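One-letter residues, chain by chain:
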Amino acid sequence: MKRKSRFGINNLPRGTQVEKSTKMKENVEDGRASIYQSVISNTSKEMTCFSDFPMPEDFPNFLHNSKLLEYFRIFAKKFDLLKYIQFQTTVLSVKKRPDFSSSGQWEVVTESNGKEQRAVFDAVMVCSGHHILPHIPLESFPGIERFKGQYFHSRQYKHPEGFEGKHILVIGIGNSASDIAVELSKKAAQVFISTRHGSWVMSRISEDGYPWDMIFHTRFSSMLRNVLPRTILKRMMDQQMNQWFNHKNYGLEPQNKYLMKEPVLNDDLPSRILYGAIKVKSRVKELTETSAIFEDGTVEENIDIIVFATGYTFSFPFLEESLVKVEDNMVSLYRYIFPPHLAKSTLACIGLIQPLGSIFPTVELQARWVTRVFKGLCTLPSERTMMADIIKRNEKRIDLFGKSQSQTLQTNYIDYLDELASEIGAKPDFLSFLLKDPKLAVKLYFGPCNSYQYRLVGPGRWEGARHAIFTQKQRILKPLTTRALRESSNFSLSFLLKILGLLAAVVAFFFQLQWF
């Protein structure tokens, strides 16, 4: 369902001038998420798919947005889900019923084709996410009111056509900022990226060419990150992140490089900087009619376009404010899901987090736990206990990730998945598997921690989970092996070289004896 929103392309601040380029607002709808045409997933297919439905083996490891949509359609058809979805429907309001304290029910008002409808539901999941309402802090950019060029939020960017020969300033250093800057740098005269704090940049390709998250997200690696002293962990992270290229030399080194912030995933950004097509700049101090002045005193003239890749804020206009309070872009939710003060736990927020990994396995486990709470199969602790947990988590999160617009919802990936799985009895017991299925236990602990692991035991157990774990390498390599190769003769050649080397050593030895 679409949700009603007050922020759209038609009421951006005066001077935005997006109407000059109709391509920029192509398919951008008020109140709905928007992506640019070239978006590729940052998490690989084996770490992204639903836990009981692996992606087709011929799908690429990192998916274009159209390919991901195809997977969703295959999934919906397989499980006959379309009949449960009301398309082109806007949720106007979700309110407690008068007897909520006993029934826990909600009255939901929707609008479709100009007609309003009311319905009563036993429970509600809010799944609108946090990438809908653009955050454009214009008050932080003195002089923006006199800037004569175009400026707009990255949400409205679609493709690079129409930007040929322009001087473009991209403000921000997240994934969208980097993607857009790289793409525009192939058409524009010059692209600048302005960043306050810098960022680590990673490639999607990791050891031996495998997807980064298949190597990074293992239980063993997660355990090391949890138990090693912070000083050692910081040193290891610094070395790991600079293995590809030295971030300091490229002007990208994070200001506080030891905070566990989400890195940028971009395979092209360093090379575009190396080409000179992109130049990294410090924070914008002031804007004039045609130029940008940066805090280090440098000035870039003839700026034509500014792209604000400054993130998103979120709100729930269809909910009463007292239900889910948003303060400083943060919400107080138990395990990032449940409002702690409700008499009945029949309202849940799904996906209102930013894990250091794929969002899909995360929200799937959230939904599995939530449905069991709704059914009364799992119970929540007291309001006091939930509030104490919320405060503790916020303090820990700020310590690990820092407090900024983009990090307020960030969580440790495997730790959070295990917490949710424990609530429903789906967390795999490593020691138990070590005794009865040691091969699987090794895969669980040292292999990638993907969603199949949470279908091995407990409610919703899937018979194909073990097979999916053991065949994931096959699905990774399948789309890569598009060229038939002859069987390599490296072994026999290597063996022959060793024999020749041994013979050469023997001959040399005898010659040496003759010499003496």
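Residues numbered from 1 in each chain as written. Predicted model: local features only at pLDDT ≥ 70, side-chain atom pairs only at ≥ 80, totals over all residues. Heavy atoms only, no water.

### Focus: the packing of aromatic side chains
Move 1: For the coordinates displayed, the defined rule picks out 27 aromatic pairs.
Move 2: Between Phe220 and Phe446 the ring centres are 5.3 Å apart and the planes differ by 40 degrees, which places this aromatic pair in the tilted class. Separated by 226 residues along the polypeptide, Phe220 in helix 6 (residues 219-227) and Phe446 in helix 13 (residues 438-446) bring together distant segments of the chain.
Move 3: Residue classification places Phe446 among the partly exposed positions, given a relative accessible area of 48%.
Move 4: A network of ring pairs unites the aromatic residues Phe50, Phe53, Tyr71, Phe72, Phe75, Phe79 and Phe360 as a single cluster.
Move 5: Sitting over the face of the ring of Phe62, Arg204 holds its NZ or CZ atom 5.9 Å from the ring centroid.
Move 6: Positioned above the aromatic ring of Phe216, the side-chain terminus of Arg225 is 4.2 Å from the ring centre. (Phe/Tyr/Trp six-rings, centres within 6.5 Å; stacked < 30°, edge-to-face > 60°. Helix = DSSP H or I, 4+ residues; strand = E, 2+ residues; numbered from the N terminus. Buried < 20%, exposed > 50% of the residue type's maximum accessible area, 1.4 Å probe, protein only. Lys NZ or Arg CZ within 6 Å of the ring centre and 35° of its normal.)

### Things to note about the sheet that holds strand 15 (residues 299-300)
What holds strands together in a sheet is hydrogen bonding between their backbones, with the strands either parallel or antiparallel.
Move 1: As summarised here, the arrangement of the three strands in space is 13-14-15, forming an open sheet in which the pairing is antiparallel. Where the open sheet ends on each side, the last strands, each with one partner, are strand 13 (284-287) and strand 15. (Pairing = 2+ DSSP bridges.)

### Things to note about the pairing of strand 8 (residues 167-171)
Move 1: The buried count for strand 8 comes to four of five residues, which makes it a mostly enclosed element.
Move 2: In the classification by handedness, the crossover that spans strand 8, the intervening helix 4 (residues 175-185) and the parallel strand 9 (residues 190-194) is right-handed.
Move 3: Note: strand 8 against strand 16 (residues 305-308), four bridges, orientation parallel. By the bridge assignment, Ile171 is partnered in strand 16 with Phe308. (Right-handed = clockwise from strand over helix to strand, strands pointing away.)

### Digging into the side chain of Arg393
Move 1: The residue Arg393 is located in helix 10 (residues 383-401) in this model.
Move 2: For Arg393, a relative accessible area of 15% gives the class buried.
Move 3: Of note is the side chain of Arg393, whose polar atom sits 2.7 Å from the side chain of Glu419.
Move 4: Sequence-distant contacts of Arg393, defined by excluding residues within four places in its chain, comprise Arg335, Tyr336 and Glu419. (Polar contact = N/O pair within 3.5 Å; in protein donor to acceptor, adjacent residues only side chain to side chain. Contact = heavy atoms within 4.5 Å.)

### A closer look at the packing of helix 6 against helix 11 (residues 413-424)
Move 1: Direction vectors running N to C along helix 6 and helix 11 enclose 105 degrees, while the axes themselves pass 9 Å from each other. Put simply, helix 6 runs roughly perpendicular to helix 11. Contact with helix 6, carried on its side by Arg219, Ser222 and Asn226, involves Ile414, Asp415 and Asp418 of helix 11 and no other residues of that element.
Move 2: Partitioned by chemical class, the residues of the contact of helix 6 with helix 11 number one nonpolar, two polar and three charged. (Axes fitted to C-alpha atoms, helices over the stretch in contact; angles between N-to-C directions. Parallel < 35°, antiparallel > 145°, perpendicular 65-115°, else oblique. Nonpolar A, V, L, I, M, F, W, Y, C, P; charged D, E, K, R; others polar.)

### Here's the deal with the nonpolar core
Move 1: In terms of nonpolar packing, the biggest core is built from 27 residues, with Ile168, Val170, Val191, Leu252, Leu269 and Ile278 touching the most fellow members.
Move 2: Taken together, the elements giving at least two residues each to this core come down to strand 8, helix 4, strand 9, helix 8 (269-275) and strand 16.
Move 3: The element best represented in this core is helix 4, accounting for five residues.
Move 4: Setting aside anything within four residues of it in sequence, one finds Val191 in contact with Ile168, Val170, Ala181, Leu184, Ser185, Ala277, Ile278 and Lys279. (Core = buried A, V, L, I, M, F, W, Y, C linked by side-chain atoms within 4.5 Å.)

### Considerations on the sheet that holds strand 9
Move 1: If you trace the five strands from one edge of the open sheet to the other, you get 7-16-8-9-12, paired in parallel fashion. Sheet topology places strand 7 (150-153) and strand 12 (278-281) at the edges, where each strand pairs with a single neighbour. Neighbour-to-neighbour, the strand axes of the sheet open up by a mean angle of 20 degrees, direction not taken into account.
Move 2: Examined bridge by bridge, strand 8 and strand 9 share five bridges and lie parallel to one another. The residue bridging Ile168 from the neighbouring strand is Val191, located in strand 9.
Move 3: Relative to strand 9, helix 4 is tilted by about 165 degrees, and along the sheet it contacts strand 8, strand 9 and strand 12.

### So, the confidence of the model for the chain
Move 1: Per-residue pLDDT for the chain has a mean of 88; in total, 87% of the residues score no lower than 70.
Move 2: Across residues 1-25, where pLDDT falls below 50, the model places 63 contacts with residues more than four positions away in sequence or in other chains. (pLDDT = per-residue confidence, 0-100.)

### Examining the pattern of salt bridges
As a working rule, side chains carrying opposite charge can pair if their charged atoms are close by.
Move 1: Under the definition given, this model contains 18 salt bridges.
Move 2: Between Asp80 and Lys83 there is a salt bridge; the shortest N-O distance is 3.1 Å.
Move 3: Residue Arg455 pairs with Glu364 through a salt bridge whose shortest N-O separation is 3.1 Å. Of the two residues, Arg455 sits in the loop between helix 13 and helix 14 (465-470) while Glu364 sits in helix 9 (residues 359-375), which places them 91 residues apart along the sequence.
Move 4: A relative accessible area of 11% places Arg455 in the buried class.
Move 5: By relative accessible area, which is 13% here, Glu364 ends up buried. (Salt bridge = Lys/Arg side-chain N within 4 Å of Asp/Glu carboxyl O.)

### A short note on unusual backbone geometry
Peptide bonds are, in most cases, trans, and in most cases residues other than glycine have a negative phi.
Move 1: One non-glycine residue with positive phi stands out, namely Asp208, at about 60 degrees.
Move 2: Relative to the helices and strands, Asp208 is located in the loop between strand 10 (201-202) and helix 5 (212-216).
Move 3: Under the relative-accessibility criterion, Asp208 is labelled exposed at 76%.
Move 4: Not every positive phi belongs to a glycine, and Asn302 is a case in point at roughly 55 degrees.
Move 5: With respect to the helices, strands and loops of the structure, Asn302 is situated in the loop between strand 15 and strand 16.

### Considerations on the environment of Ala277
Move 1: Checked against the element boundaries, Ala277 lands in the loop between helix 8 and strand 12.
Move 2: Exposure remark for Ala277: the relative accessible area of 16% places this residue in the buried category.

### Some points on the packing of helix 9 against helix 11
The axes of two packed helices give the description: the angle between them and the distance between them.
Move 1: Two numbers describe how helix 9 lies on helix 11: the axes approach to 9 Å, and their chain directions differ by 25 degrees. As judged from the angle between their axes, helix 9 and helix 11 are roughly parallel. Relative to helix 11, the crossing made by helix 9 is left-handed. Within the contact between the two elements, helix 9 uses Pro361, Thr362, Leu365, Gln366, Arg368, Trp369 and Arg372 and helix 11 uses Tyr413, Tyr416, Leu417, Leu420, Ala421, Glu423 and Ile424. (Left-handed = near helix turned anticlockwise from the far one by under 90°.)

### Structural notes on helix 6
Move 1: Among all positions of helix 6, only Arg219, Ser221 and Ser222 are buried. The buried residues of helix 6 occupy one face: seen down the axis, they fall within an arc of 160 degrees.
Move 2: Looking at the buried residues of helix 6, the elements they touch are helix 5, helix 11 and helix 13. (Arc of directions from axis to C-beta.)

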